[in-house]
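Spelled out from the first residue to the last, the chains are:
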Amino acid sequence: MPEVDVSEYSDVWVFIEEHAGEVAPVSWELLSEAQSLMENKDEDEELVALCIGENLDDVAEEALARGADRALVADDPVFEPYRADPYGKQFRHLVAERKPDVVLIGGTSTGRDFAGRVAVPTHAGLTADCTELGIDDEGHLEAGRPAFGGNVIATIKCENHRPQMATIRPGVFEATEPAEADGDVDHVEVVVTEDETVTEVETREVGETVDITDADRIVAVGGGIEGDLGPAEMLADALDAELAASRKAVDSGWVGHDRQVGQTGKSVRPELYVAVGISGAVQHLEGMNDSEVVVAINNDPNAPMFDHADYGIVGDLFEVCEELAEQIGNPEALQEVIA
Amino acid sequence: MTDNWTVLVGVKQVPDEDDVSIDPDTGTLNRAEAAAILNPPDKNALEAALRLKDEVGARVIAVTMGPPTATPVLELAVALGCDDGALISDYAFAGSDTWPTSLTLARAGEYFDADVFICGEETTDSSTGQVPPGIAAHLDWAQLTYVEELEPRPEDDQLAAVRDVEGGWERVVADLPVVVAVGYGENQPRPSGLHRKIYAENEFEPIELDAEELGIDADEVGLDASPTQVGGMDTASPVEREQELLDSVDDLAATLHKQEVV
Ligand SMILES: Cc1cc2nc3c(=O)[nH]c(=O)nc-3n(C[C@H](O)[C@H](O)[C@H](O)COP(=O)(O)OP(=O)(O)OC[C@H]3O[C@@H](n4cnc5c(N)ncnc54)[C@H](O)[C@@H]3O)c2cc1C
Ligand SMILES: Nc1ncnc2c1ncn2[C@@H]1O[C@H](COP(=O)(O)O)[C@@H](O)[C@H]1O
């Protein structure tokens, strides 16, 4: 293996994931977390927002307003919509030219597709699904990730290779609000042309996406609802809660993927999380374990979800949801049960 | 139409996660005791490959990089309908992270002259999802991840796929050769046929390949070629929960009110 002189690498990059002008919220979350990392980096290192796409002026401006010292902008129609091959080639070129020390990428489908593609050619160390980031005494990135169903936090390091890359699931960190933009925009040379690409996006159907990661209350549905969202929606209405789902409910097509909680979805930490007809698989628990109060509604008394809940009701979710919604939605009835 | 496609499927043996437990006294993992199973998302990869075989007459070879004890996952793949199975095994591979793993599988892709290399979304033991894009990157092939459905277009030497993207889906067409990662649960895996099962269990012998046969130098793989190292393991303090079962919805409403969450 070629030896890598790690001292040649500096700066922290955040990949700004953008589709048709819409920035994935996780990008801003990472930009905010990266500002804390900068405190343990050398003074002269920069926090860089990496913007690849088309018509990125507003995106670059917002990145600076959200704390980046510099926006690196590769602006070209070849980058819209996202494809792994042109993005990968452009990224490789930028890494070779500018040698970033750390690169953070959102753990979305696009972010994971991109991270896996680019880590290999640069021989970078890539840690997936991190929930904790830090810099150790020697300046190496410490990437903490849950392993074995969240029972263990493994700290992954990459001491001899650069860049040190990590993907982070949406919702793990909090975004800060934009302030005065202060920094430089660098338009970089675009090194990819359309005729070199090996993929073509024929159709793309994307609707409005919802950000469930900021919700104060969540009603999450699982396989138990059997396609009938009615009772859970009623409960969500009564609680003024956002609707979320397990992967089972998402894969069955009942709820959109943007509302999925868990290892391959989002991390949420609401004040109240009501799991309706969700068994409590480890991949689900990983996304909601930081919730304050957890309620489980399930007709199987042995469902693991009960072990990870504060309060549980063993019963048919269709009945329980409706009854609970009525109680909560009706102040008089609530007064009666409290009395 | 060109010659039939050669389709590789990456399958991995993993510990059954329902069996992985933490020793309450030492805080260490009892991994060894867990039963070894086929990584569940790889069933969807196998099904996608077998559908290509049904549709365009592909030759499907399951490949696994692992110790000889991983052979049962190849037997299962053959029982399901794969034409063959290859075990890629070498002491040099010990300690490999996703970088050398994807390099090794990439070399297998070249060795078999594959047109399509199909993987699962991720493995339940390392859960990185990095191996499929890694294989594609090593080979500079097209990649299609989070795939819901494949649409072969053999007349154009292309493979189209419907992929899951945030908030919707897209149809992407890739020029061959291509690496595919099928979304977990996106198809319904078929059961194995009786005859194939008998063949797999009694007659089938995997193709065996080592580093040298794949043209891999010892220093390209294993621990030394792995950019990431595990710096430490901490037992995560489990979140304390009340775990209180309530008898009625009234009780629940009252309790939530007392807790000031409603
Ligand atoms: C690589 C990988 C990644 C994954 N990522 C995620 C992820 O991000 N998020 C996620 O959630 N999962 C994820 N999973 C899937 C996970 O392993 C589980 O399969 C999934 O969470 C199960 O969903 P569920 O509990 O809603 O459905 P089920 O397992 O079908 O459980 C349904 C539950 O509803 C109960 N029920 C049924 N009917 C009723 C009724 N009438 N009233 C009350 N209760 C009822 C049942 O008792 C049962 O407990 C992943 C899996 C893999 C392999
Ligand atoms: N050792 C291996 N042998 C064969 N295929 C593998 C191996 N490791 C990973 N894969 C494939 O790559 C996919 C993603 O794995 P991972 O990137 O480790 O999460 C799996 O679902 C397999 O299809």
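Residues numbered from 1 in each chain as written. Chains lettered and ligands numbered in written order. Predicted model: local features only at pLDDT ≥ 70, side-chain atom pairs only at ≥ 80, totals over all residues. Heavy atoms only, no water.

**What to know about the overall build of chain B**
Put simply, the rule is: For the purposes of this entry, the term helix denotes a DSSP run of H or I that reaches at least four residues, the term strand denotes a run of E that reaches at least two, and both are numbered from the N terminus. Exposed residues in this analysis have more than 50% of their type's maximum accessible area, buried residues have under 20%, and partly exposed residues fall in between, with area computed by a 1.4 Å probe over protein chains only. We call two residues contacting when some pair of their heavy atoms lies within 4.5 Å. Only the protein chains shown count as covering a residue, and every accessible area follows the Shrake-Rupley method with a 1.4 Å probe. Charge counting follows a simple rule: Lys and Arg are positive, Asp and Glu are negative, and His as well as the terminal groups are ignored. One atom stands in for each charge, and that atom is NZ of Lys, CZ of Arg, CG of Asp or CD of Glu.
Helix and strand content of chain B: six helices and 15 strands. If one aligns the C-alpha atoms of chain B with their principal axes, the spans along those axes are about 70 × 40 × 40 Å. Counting the 262 residues in chain B, one finds 52% classified as buried. Excluding contacts between residues fewer than 6 apart, the proportion of contacts in chain B whose partners are at least 24 apart in sequence is 71%. Element-wise, carbon and sulfur atoms account for 45% of the exposed surface of chain B, whose accessible area totals about 11700 Å². Within chain B, the 54 negative side-chain charges are centred at a point lying 6 Å from the centre of the 15 positive side-chain charges.

**Quick word on empty space enclosed by the protein**
What counts is decided by this rule: The pocket and cavity definitions rest on a 1 Å grid over protein atoms only: a 1.4 Å probe that fits but cannot leave marks a cavity, an open set with protein on both sides within 12 Å along at least five of seven lines marks a pocket, and residues lining either have an atom within 4 Å of a point. Grid points are joined across faces, edges and corners, and a volume is the space filled by probe spheres set on the points.
Enumeration according to the criterion identifies four cavities of 30 Å³ or more in this entry. Volume-wise, the largest cavity comes out at about 90 Å³. Around the largest cavity sit 13 residues that line it, and Arg-83 and Ala-84 of chain A together with Gln-143, Arg-163 and Val-172 of chain B are the ones nearest its centre. Those elements that provide at least two residues to the lining of the largest cavity are helix H3 (84-98) and strand E13 (199-206) of chain A together with strand E9 (142-153) and strand E11 (168-175) of chain B.

**A few points about the pattern of salt bridges**
In plain terms, the rule: Each salt bridge in this description consists of a side-chain nitrogen of Lys or Arg and a carboxyl oxygen of Asp or Glu lying within 4 Å of one another.
Tallied over the full model, the rule gives 38 salt bridges over all chains. Taking the shortest distance from any N to any O, the salt bridge between Arg-112 of chain A and Glu-122 of chain B comes out at 3.0 Å. Separated into two different chains, Arg-112 of chain A in helix H4 (residues 109-119) and Glu-122 of chain B in the loop between strand E8 (116-120) and helix H4 (131-139) make up a pair that spans both. Look at Arg-112 of chain A and you get buried, because its relative accessible area is 8%.

**Some details on the site of ligand 1**
The condition that has to hold: A molecule or strand has a residue near it when one of that residue's heavy atoms lies within 4 Å. Distance and chemistry together define a polar contact, namely a pair of N or O atoms within 3.5 Å, with one atom able to donate a hydrogen and the other to accept it when in protein, and with adjacent residues in sequence counting only for side-chain atoms on both sides.
For ligand 1, the set of nearby residues contains 29 residues, the closest of which are Ser-246, Lys-248, Thr-264, Ser-279 and Asp-316 of chain A. Surrounding ligand 1 is a set of residues that belongs to chains A and B. Note that a nitrogen atom of ligand 1 is positioned 2.6 Å from one of the side-chain N or O atoms of Thr-264 of chain A. Asp-316 of chain A places a side-chain nitrogen or oxygen 2.7 Å from a nitrogen atom of ligand 1.

**Description of H4 of chain B**
Three- or four-residue spacings in an α-helix give side chains the same orientation, since the helix completes a turn every 3.6 residues. Burial of H4 of chain B is extensive: eight of the nine residues sit out of reach of the surface. Within the sequence span of H4 of chain B, burial applies to Val-131, Pro-132, Pro-133, Gly-134, Ile-135, Ala-136, Ala-137 and Leu-139 of chain B. On the buried face of H4 of chain B, the contacting elements are H4 of chain A together with helix H3 (98-111), E8, E9 and strand E12 (178-182) of chain B. With its phi angle positive at about 60°, Asp-140 of chain B sits one or two positions after the end of H4 of chain B.

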